[in-house]
Amino acid sequence: MEDTGETAIGALLAALRATRENGHEQAVALPPAFYTDPEMFALECERLFRGQWHCIARVDELRQTGDYVALDLAGEPIVAIRGGDGVLRVLSNVCRHRGTVLLEGKGQARTIVCPYHAWSYGTDGALKRAPLMQGAELFDPASCRLPELRSEVWNGFLYANLDDHAAPLAPDLTGLDALSGNFSMDAMTTVHIEEARWAINWKSLVENFMEGYHLTPTHATTLHPITPTSGCEHFPAGPGYFGYHSRYAPDYPDRGPWAPNLTPEQRRETLMFCVAPAHVVALAPNTMTWMALRPDGPGGVAIRWGIALYDANADAAAVARAVELARGYNGEDKVRLERLQRGLASRHAPRSVLAPRDLEGTVWDFYRYLAGVLAA
């Protein structure tokens, strides 16, 4: 995709590059077309969603042989599956015969069987059976293995990358390890997974999840009593992450049980962070809520979100309370963001100054990350 500097996409990329030259004190929102332009979306699919690391699932969703999660990433059908050898793999979810998508949704399959012509594959991707193909002279069973994608596990999350030559994920998150390690994310137990689609640009959802400016006005009864806007404290971004500390209201009770290594300050905050570009996490002492985003157009995003608790023995009532709270504030955000998407399409949509660093500094961090990938 050529950047002439004279086209609409050229102007957007120039605005992105400018974010690398200025600090938070000069932070200004990008042009509204950044959230609506089809050419920008095509570039994001090419460079971000086909070239960067993306969260697929929590590892504890895939405990048993054959447990799988299937989804589309930038138009590519993939499946994460636990093999009979105990290895967790991310495979192409497309039959090697005629290209049919093999698995859908979430479930368990000790053998992956194509619904079209009944070719079958093991959980390691190897072809097991191809009915009635003995007479096909060019058929080579050894060449019909499902391709395996790059994957990594970080703190209980499984990530995949469509780019076979991408740099590893973990080195870009060493600073985030230092911030989050005491919370013991990998010891948390997944208690809820949900799928959704919102009629918004995916970047607006990343920005919304990652800024505390809206907490008090948008979530007056859900989050403001816990983490008001006044408790936001930005932390410096790293090469593959950004975020802020969301401190608790003084009169809000402690949220236990928690990991034994948490400091007194960490027991009184939710650590908000994004593993760039599209995995956002709210990490509290006793619970974690996360979203993995997959755009399906400039004005739509598929969301896979979940809740994990530190207390592996939490009763049904505790789980129900966590789900009710998350659905409450997610619903509030959905309403606001779908109204925002409508407004961004207006010819009168503004390009405004961002709020100070503790409130919207993460938006500027996000822009700077995107500039490094999209507009380098």
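To start, this report covers the structure provided alongside it. Computed from a predicted structure; not experimentally measured.

Some thoughts on the overall build of the chain
Thought 1: Counting its secondary structure elements, the chain contains seven helices and 17 strands.
Thought 2: Over its C-alpha atoms the chain spans a radius of gyration of 22 Å, differing by no more than 12% from the 21 Å that the globule rule assigns to 376 residues.
Thought 3: Referenced to the eigenvectors of the C-alpha coordinate spread, the extents of the chain come out at roughly 70 × 60 × 35 Å.
Thought 4: Counted over contacts in the chain with a minimum sequence separation of 6, partners at least 24 positions apart contribute 64%.
Thought 5: Accessible surface, the chain: about 16400 Å² in total, of which carbon and sulfur atoms supply 50%.
Thought 6: Distance from the positive charge centre (34 side chains) to the negative charge centre (45 side chains) of the chain: 4 Å.

Some words on the sheet that holds strand E10 (residues 157-161)
Thought 1: Sheet architecture is open: three strands sit in the order E1-E10-E9, paired in antiparallel fashion. Two strands bound the open sheet, and with one partner strand each, they are strand E1 (54-58) and strand E9 (150-154). On average, each strand axis in the sheet is tilted by 30 degrees relative to the strand beside it, whichever way the strands run.
Thought 2: Where E9 lies against E10, five bridges are found, and the strand directions are antiparallel. Its bridge partner lying in E10, Ser151 is registered against Ala160.

A short note on helix H1 (residues 8-18)
Thought 1: If you check which residues of H1 are buried, you get Ile9, Gly10, Leu12, Leu13, Ala15 and Leu16.
Thought 2: Its buried side turned inward, H1 meets helix H2 (38-49) and helix H7 (357-374).

Re the sheet that holds strand E7 (residues 120-121)
Thought 1: Pairing is antiparallel across the open sheet formed by three strands, whose spatial order is E6-E7-E8. Lying at the two open borders of the sheet, with one neighbouring strand each, are strand E6 (112-113) and strand E8 (127-129).
Thought 2: Here E7 pairs with E8 via two bridges, running antiparallel. Counterpart to Tyr121 in the pairing with E8 is Leu127.

Considering the pattern of salt bridges
Thought 1: On inspection of all chains with the given rule, the structure shows 15 salt bridges.
Thought 2: Note that Arg304 and Glu195 form a salt bridge whose closest N and O atoms lie 3.2 Å from each other. Taken together, the positions of Arg304 in strand E17 (residues 300-309) and Glu195 in strand E11 (residues 189-198) put the pair 109 residues apart, joining distant regions of the chain.
Thought 3: When its relative accessible area of 1% is taken as the criterion, Arg304 is described as buried.
Thought 4: By relative accessible area, which is 48% here, Glu195 ends up partly exposed.
Thought 5: Each of Glu61, Lys106, Glu195 and Arg304 takes part in one network of salt bridges that share partners.

Details of the packing of aromatic side chains
Thought 1: Evaluation of the coordinates by the stated rule reveals 11 aromatic pairs.
Thought 2: Taking 5.2 Å as the distance between ring centres and 85 degrees as the angle between the ring planes, the aromatic pair formed by Phe34 and Tyr35 counts as edge-to-face. Each of the two residues, Phe34 as well as Tyr35, counts as buried.
Thought 3: Cluster of aromatic residues (ring-pair linked, three or more members): Phe34, Tyr35, Trp364 and Tyr367.
Thought 4: Of note, Arg58 hangs over the ring of Phe157, and the distance from its end group to the ring centre comes to 4.5 Å.
Thought 5: Positioned over the ring face of Phe34 is Lys203, at 4.6 Å from the centre of the ring.

Procedures and definitions
- Residues numbered from 1 in each chain as written.
- Predicted model: local features only at pLDDT ≥ 70, side-chain atom pairs only at ≥ 80, totals over all residues.
- Heavy atoms only, no water.
- Helix = DSSP H or I, 4+ residues; strand = E, 2+ residues; numbered from the N terminus.
- Rg over C-alpha atoms; globule rule 2.2 N^0.38 Å.
- Contact = heavy atoms within 4.5 Å.
- Areas by Shrake-Rupley, 256 points an atom, 1.4 Å probe, with all protein chains shown as cover.
- Lys, Arg positive; Asp, Glu negative; His and termini not counted.
- Charge placed at Lys NZ, Arg CZ, Asp CG, Glu CD.
- Pairing = 2+ DSSP bridges.
- Axes fitted to C-alpha atoms, helices over the stretch in contact; angles between N-to-C directions.
- Buried < 20%, exposed > 50% of the residue type's maximum accessible area, 1.4 Å probe, protein only.
- Salt bridge = Lys/Arg side-chain N within 4 Å of Asp/Glu carboxyl O.
- Phe/Tyr/Trp six-rings, centres within 6.5 Å; stacked < 30°, edge-to-face > 60°.
- Lys NZ or Arg CZ within 6 Å of the ring centre and 35° of its normal.

The analysis is restricted to geometry; functional conclusions fall outside its scope.
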